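Below, each chain spelled out in residue letters.
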Amino acid sequence: MSVLINLKNVSKHYGDFCAVKRIDLSIIEGEVLCIIGPSGSGKSTLIRCINYLEEYDDKGIITVNGITVKKGNNLKNIRKEVAMVFQNFNLFPHLNILKNVMLGPIRSLKVSQSSAKKLAYDLLGKVGIRDQANKFPYQLSGGQQQRVAIARALAMKPKVILFDEPTSSLDPEMVSEVLDVIKELAGTGVTMVIVTHEMSFARQVADKIIFMDEGIIVEEGSPDQIFDDSKKERTQIFLKSVLKA
Amino acid sequence: MLLLPMDLYSKDNSNSNIVVGANIGNVPWEFQDSDGSYIGFEVDLVSRVGEKLKRKIKIINIPFNGLFAAVQSGRIDLAISSINITDKRLESVSFTQPYYDSDQSLTVLNNSKIKNLYDLKGKIVAVDTGSTGDIWATENNEKYEFAEIRRYEGLVPAMLDLVIGRVAGYISDIPALLYYTKDKPNLAVVERISTGGTYSMMLRKNNSLLFEVNDVLIEMKSSGELNELHKKWFGKFAAKNSSTIKILDIPKSSGKLNLNLTETFLNKRVFLETYPMLIKGFYITIQLGLLSILLGLIWGLLLSLIRLYSNTLLRFVVKTYINVFRSIPLLVFLIIVFYAFPFVGIRFSPFNAALFSLVIVSGAYFAEIFRSGIEAIPKGQFEAAKALGLSPYHTMVDIILPQAIKIVIPPLTNNCINVLKDTALASIVALPDLLKQATQAQAIAANPTPLIVSAFIYLIFLLPMILWVSRIEKKYRSGKQL
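Residues numbered from 1 in each chain as written. Chains lettered and ligands numbered in written order. Predicted model: local features only at pLDDT ≥ 70, side-chain atom pairs only at ≥ 80, totals over all residues. Heavy atoms only, no water.

Undergrad: So what's going on with the overall build of chain A? Which residues, and what values?
TA: Of the regular secondary structure elements, chain A holds nine helices and 10 strands. In terms of C-alpha radius of gyration, chain A reaches 18 Å, essentially the compact-globule figure of 18 Å for 245 residues. In terms of overall dimensions, chain A has a C-alpha envelope of 55 × 45 × 35 Å along the principal axes. By the burial criterion, 55% of the 245 residues in chain A qualify as buried. Within chain A, counting contacts between residues at least 6 apart in sequence, those at least 24 apart form 64% of the total. Total accessible area on chain A stands at roughly 10900 Å², and carbon and sulfur atoms take up 47% of it. Separation of charge centres in chain A, based on 32 positive and 28 negative side chains, amounts to 8 Å. (Helix = DSSP H or I, 4+ residues; strand = E, 2+ residues; numbered from the N terminus. Rg over C-alpha atoms; globule rule 2.2 N^0.38 Å. Buried < 20%, exposed > 50% of the residue type's maximum accessible area, 1.4 Å probe, protein only. Contact = heavy atoms within 4.5 Å. Areas by Shrake-Rupley, 256 points an atom, 1.4 Å probe, with all protein chains shown as cover. Lys, Arg positive; Asp, Glu negative; His and termini not counted. Charge placed at Lys NZ, Arg CZ, Asp CG, Glu CD.)

Undergrad: Go over the packing of helix α1 (residues 41-53) of chain B against helix α8 (residues 209-223) of chain B with me, naming the residues and quoting the values.
TA: Residues and elements named next belong to chain B. Where α1 contacts α8, the axes come no closer than 10 Å and their chain directions differ by 105 degrees. Relative to α8, α1 is oriented roughly perpendicular. Residue-level contacts link L45, R48, V49, K52 and L53 of α1 to L209, E212, V213, V216, L217, E219 and M220 of α8. Considering only residue class, the contact of α1 with α8 consists of eight nonpolar, no polar and four charged. (Axes fitted to C-alpha atoms, helices over the stretch in contact; angles between N-to-C directions. Parallel < 35°, antiparallel > 145°, perpendicular 65-115°, else oblique. Nonpolar A, V, L, I, M, F, W, Y, C, P; charged D, E, K, R; others polar.)

Undergrad: Now, about the interface of chain A and chain B: what can you tell me, with residues and values included?
TA: Of the residues lining the interface, 20 residues belong to chain A; the matching set on chain B comes to 17 residues. Of the roughly 1700 Å² buried between chain A and chain B on both sides combined, carbon and sulfur atoms contribute 62%. If you look at where chain A meets chain B, you find two salt bridges. A salt bridge links R107 of chain A to D398 of chain B, with the shortest nitrogen-to-oxygen separation between them at 2.5 Å. Broken down by secondary-structure element, the contributors of at least two residues to the side of chain A that touches chain B are α2 (74-81), β6 (82-85) and α3 (97-108) of chain A. (Buried area = accessible area lost by both parts, 1.4 Å probe. Salt bridge = Lys/Arg side-chain N within 4 Å of Asp/Glu carboxyl O.)

Undergrad: Give me the lowdown on the pattern of salt bridges, citing residues and values where you can.
TA: Between side chains of opposite charge, a pair can form when the charged atoms approach closely. Evaluation of the coordinates by the stated rule reveals 33 salt bridges over all chains. The closest approach of N and O atoms between E368 of chain B and R307 of chain B, which form a salt bridge, is 3.7 Å. Note that E368 of chain B is positioned in helix α14 (residues 350-375) and R307 of chain B in helix α11 (residues 268-309), a separation of 61 residues in sequence. Assessed through its relative accessible area of 15%, E368 of chain B is described here as buried. What you see here is one network of salt bridges that share partners, running through R48 and E54 of chain A together with K379 and E383 of chain B.

Undergrad: Lay out the sheet that holds strand β5 (residues 67-68) of chain A in plain terms, naming residues and giving numbers.
TA: All names here are of chain A. As summarised here, the arrangement of the four strands in space is β2-β1-β4-β5, forming an open sheet in which the pairing is antiparallel. Edge positions in the sheet fall to β2 (17-28) and β5, since each has one partner strand and no second. Relative to β5, strand β4 (residues 61-64) runs antiparallel, the two being bridged by two bridges. Of the residues in β5, the one forming a bridge with V64 is I67. (Pairing = 2+ DSSP bridges.)

Undergrad: If you had to explain the sheet that holds strand β10 (residues 216-221) of chain A to someone new, which residues and values would you point to?
TA: Residue and element names in this part refer to chain A. Spatially, the six strands line up as an open sheet ordered β6-β7-β8-β3-β9-β10, and their pairing is mixed. Of all the strands in the sheet, just β6 and β10 have a single pairing partner and so form its edges. Between one strand axis and the next, the sheet turns by 20 degrees as a mean value, whatever way the strands run. Bridge analysis of strand β3 (residues 32-36) against strand β8 (residues 191-195) gives four bridges, and the strand direction is parallel. In the strand pairing of β8, I35 is matched with V195. Its contacts with the sheet place α2 against β6 and β7 (160-164), and it is angled at close to 60 degrees to β6.

This is the structure:
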């Protein structure tokens, strides 16, 4: 098992405020990593550094598949390998569902129209909304939109998918349909990094859990270690407060 | 009521002013001396008329082709400006007996190879819009094969373009040109064109003032006063048989008298005669408008992208550009482009000068509209495009612009309408657009119908666009999902 993503001494400042503090982290190929922690703890910022949506501070370094994540030509190659699913879906409202999924492969992977179309239909089938292919995003429910976003990410055939709170914008009754899709993906061998507030989901799907607070990794371990046998008081307090709710 | 000027009450009182319209600058007939007072042959003439009729003369400056509508609408009582009596004009207005025999002339640069009218073959010739020279040049266009007849609003702008070299010759009244060129060695009047014109004072049809003024002319001719005026302004007495000496009849119209409002402002005969000219002008207006819009949109889009995404220096340059060109009136810029740029070696044709000015200025407005549209697109759209590995170009073309343009369609369309309307300003640089053709047609026919018709053409063309925009705007306001 080889290391796919490596973070060394990664920090991110917004002016004087430090959102992420000197993180060291390795993610193994095929691993499902869930990042939990209170709001504002730097979870989202951290994963947005991995595909360089956030420019992390110069002294740190991130590599994906051996390639350094920095401004320049390599970034295009990194983003072919690293897909992302956003909290607010960020589907393209002027394109129909099919074209939303086709665009990435056509533009970035230079796939032909016809094979992109076939791929898109396959993936929409996989997330259970093949019949909505010709509708526009605003005609779909939140849960359906997020499943399209997952299909769009999968269409890039990425090595890793970053999920940035994928269910936080959803109405409660739609959370499970999205989580079910992600759970299915967990069995396919794709590497996933998931920022989430869904504790039971995290416990069920993750190979490894990271608990972050105030920009640092407080504790990491297997789901059982974190949820049943936490060594850190901050982790225990956090889990107690969220699990009680 | 008490604040109204007195002469409104006493419209027909013989003590009221006589308002005279004159195209000031038309040497030696009516022009300004160094302290700005009006002088000239015809200025002296109307002053004498005022003295004899014991009425005050008030002269107002109106461009030549505006005199016809001004007389007919009653804005002025009397028009002077070396106006030739023509049959066509007599159908719409009245003239006193003539007081000067004139011909047309060809003026060129002294050092040019052009020595006569035949040398103008394939060359651009300048005339005054709707003047006798214009009418003559239009009628003789086939014989002399001019490349183009370019129409100016008077002697000064035409002379500017003759000196710059944009036109090869200028056809206009011979007395004015002999007077104008006498102290300008670089210009020469090389040919007299016998058109047999006679100058007279123009009045509204059936104005009783016509007979009073005509009586004064009879008196001045018999006393020799008019001949004295000739001596004063031309340095010699008039020829014996000329209309400066001979007492003549008031010229009569061959056609019937048309006096009511519709016959004056929407004359069917004038309409039928002039609408081919208007259609030609409309074609140029459309060409100029659509090309300006197309290039203005591209230029504006480019500016907005530089303004948003380039380095600090370029951003500053573009920001300054946008602010500057939103502050300069288009007309001012157009005149600079047309008349000042030649002195630094940039010589645009009228069409290109208008196109250039419209694109440069409208581009600044289009840029701001595009910018507001792009800035209205949520950050998440940019991030999703980035995360899919899209290049900056494809991010713009595939994702951002289609959404941004849809948002700004109403202001974009409004700006397009403005550009189409602003094409009318091009008539100032002698482009034969719809407005120019209409002013020319109304001067030739001495009837404002072509102007009214041109207004209708603009209206028919632009009104559907205006209605369409308001419908879209209403739809957007009602909060429909984009």
